[in-house]
Amino acid sequence: MSTAKLEKQKAKLVELGAMEPEDTLVDFLQASYVERLVGKMGRWKQGWAYFTEERLIVTTGLLEENLIIPYKTIRELGKCSQSLMPIGIAITHEDAKTRETVTDKVSMMKRDRWMKFMADKAGILLS
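Residue numbers run consecutively from 1 along every chain, following the written order of its sequence. Local features in this predicted model are restricted to residues of pLDDT 70 or higher, and side-chain atom pairs are both shown and tallied only at a pLDDT of 80 or more, whereas totals for entire chains, interfaces and linings draw on every residue. With hydrogens and water set aside, each side-chain value is computed from the structure's full complement of heavy atoms.

Per an unreviewed UniProt entry, the protein goes by PH domain-containing protein and derives from Bittarella massiliensis.

Here a salt bridge means any side-chain nitrogen of Lys or Arg lying within 4 Å of a carboxyl oxygen belonging to Asp or Glu. Counted according to the given criterion, the structure contains seven salt bridges. Between Glu65 and Lys97 there is a salt bridge, with the nearest N and O atoms lying 2.4 Å from each other. Taken together, the residues Glu65 in the loop between β3 (55-59) and β4 (67-70) and Lys97 in the loop between β6 (85-94) and β7 (101-107) connect sequence positions 32 residues apart. Per-residue accessibility, obtained with a 1.4 Å probe over protein chains only, is compared with the maximum for each type, and a residue is labelled buried under 20%, exposed over 50%, and partly exposed between these values. Its relative accessible area of 59% is what places Glu65 among the exposed residues. Among the ionic pairs, Lys79 bridges to Asp112, the shortest N-O distance being 3.2 Å. Here Lys79 is found in strand β5 (residues 74-82), whereas its partner Asp112 is found in helix α2 (residues 111-122), with 33 residues between them in sequence. What makes Lys79 exposed here is its relative accessible area of 52%. Judged by its relative accessible area of 47%, Asp112 falls in the partly exposed class. The network of salt bridges with common partners includes Arg75, Glu94 and Arg99. We count a stretch as a helix when DSSP gives it H or I for four or more residues in a row; a strand needs E for two or more, and each element gets its number in order from the N terminus.

In this scheme Phe, Tyr and Trp rings, the latter by its six-membered ring, pair at centre separations within 6.5 Å, and the angle between planes marks the pair as stacked below 30 degrees, edge-to-face above 60, and tilted otherwise. In this structure the tally under the stated criterion is six aromatic pairs. Residues Phe28 and Trp48 carry aromatic rings whose centres are separated by 6.1 Å and whose planes lie at 55° to one another, so their mutual orientation is tilted. Placement of the pair is Phe28 in strand β1 (residues 25-36) and Trp48 in strand β2 (residues 42-52), with a sequence separation of 20 residues. Phe28 sits in the buried class, given a relative accessible area of 13%. Taking the centre distance of 5.8 Å and the plane angle of 85° together, the rings of Tyr71 and Phe117 count as edge-to-face.

For the rest of this paragraph, the subject is unusual backbone geometry. The phi torsion at Ser83 lies on the positive side, around 60°, for a residue other than glycine. As for its position among the elements, Ser83 is in the loop between β5 and β6. Judged by its relative accessible area of 64%, Ser83 is exposed.

See below:
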């Protein structure tokens, strides 16, 4: 990924308030996420995943709240599927607002690479 593209995306994330100016954007890619509806019910929607040195940011659209998961709040990472495609990551973390443990699902290409990246940043072992 070119430095210019990363800097342009970082500027947008900082403007949105999703990223701190002193954080570093590592990479970004198209991803899907589960929009939580009621309880464990949800539906897959398209978005973008941004990996910084401090957090995972999944942009969810103009009218929805973005999913921001600081790596330090991640308790567990697991594999899941999006429909029949084995490309999902189940991320169990502490919600910043409610302090409850929740699980969000995000799917993307190169799942194993990004699971290892987040596990290293969170200081957890993958099972």
